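Coordinates in review
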Amino acid sequence: MGMGDAKQETVVDINGKHISRIPQKPLNRYIKATLLTLLKRDDIKIKVNSEPGSSTVTVTDSNDKFLFAYDNAWDYGYYRIFMANPKEGAEPILVAEMDWYERDGYTNYQQQDIFDVSDALGAKLRQLEFIESARNNLTPEEIQAIQALGIAR
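All of the points below concern the structure found in this document. (Residues numbered from 1 in each chain as written. Predicted model: local features only at pLDDT ≥ 70, side-chain atom pairs only at ≥ 80, totals over all residues. Heavy atoms only, no water.)

**Things to note about the pattern of salt bridges**
Counted by the stated rule, this structure contains 7 salt bridges. Lys45 serves as the salt-bridge partner of Asp64, at 2.4 Å between the closest nitrogen and oxygen. Residue Asp64 is located in the loop between β4 (54-61) and β5 (66-73), and its partner Lys45 is located in strand β3 (residues 44-51); the two are separated by 19 residues in the primary sequence. Given a relative accessible area of 53%, Asp64 falls into the exposed group. Note on Lys45: relative accessible area 36%, which makes it partly exposed. When the shortest N-O distance is used, the salt bridge between Arg80 and Asp71 registers 2.7 Å. The class of Arg80 is partly exposed, set by a relative accessible area of 26%. On the basis of relative accessibility, which here comes to 13%, the residue Asp71 falls in the buried class. Linked by salt bridges that have partners in common, Arg29, Lys32, Asp113 and Asp116 make up one network. (Salt bridge = Lys/Arg side-chain N within 4 Å of Asp/Glu carboxyl O. Helix = DSSP H or I, 4+ residues; strand = E, 2+ residues; numbered from the N terminus. Buried < 20%, exposed > 50% of the residue type's maximum accessible area, 1.4 Å probe, protein only.)

Structure (structure tokens):
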């Protein structure tokens, strides 16, 4: 994909709007690796806030400290990722932003980087839901066995 190849850089949606295939804010590969590593932690919580046409997935640690959020405005073709800001009370930091038109049928590597975080979020959310379901189905003996390991149910 050459930078001068307009056919590869933009797509026209059904309303005639030109949508760039180049993210407004590409996700830095180091930041992507950091986010994917965060999702491997055992001490995170994931909350999904859905609204018509969009959802925001928020990742916090076990103490409810904000780590990052993924905005998925799929009905509008708009995606963003924010990370925590180390400054107390400051707004989160935008680390990725893009438009993506589903009917385009094409995703470049920069767009895929952003979707990879979404895919990892979905996998982690399913894992956490499975673990919570299993935790809720522990027998009294299994609870004692877990407690013997020093793990609170």
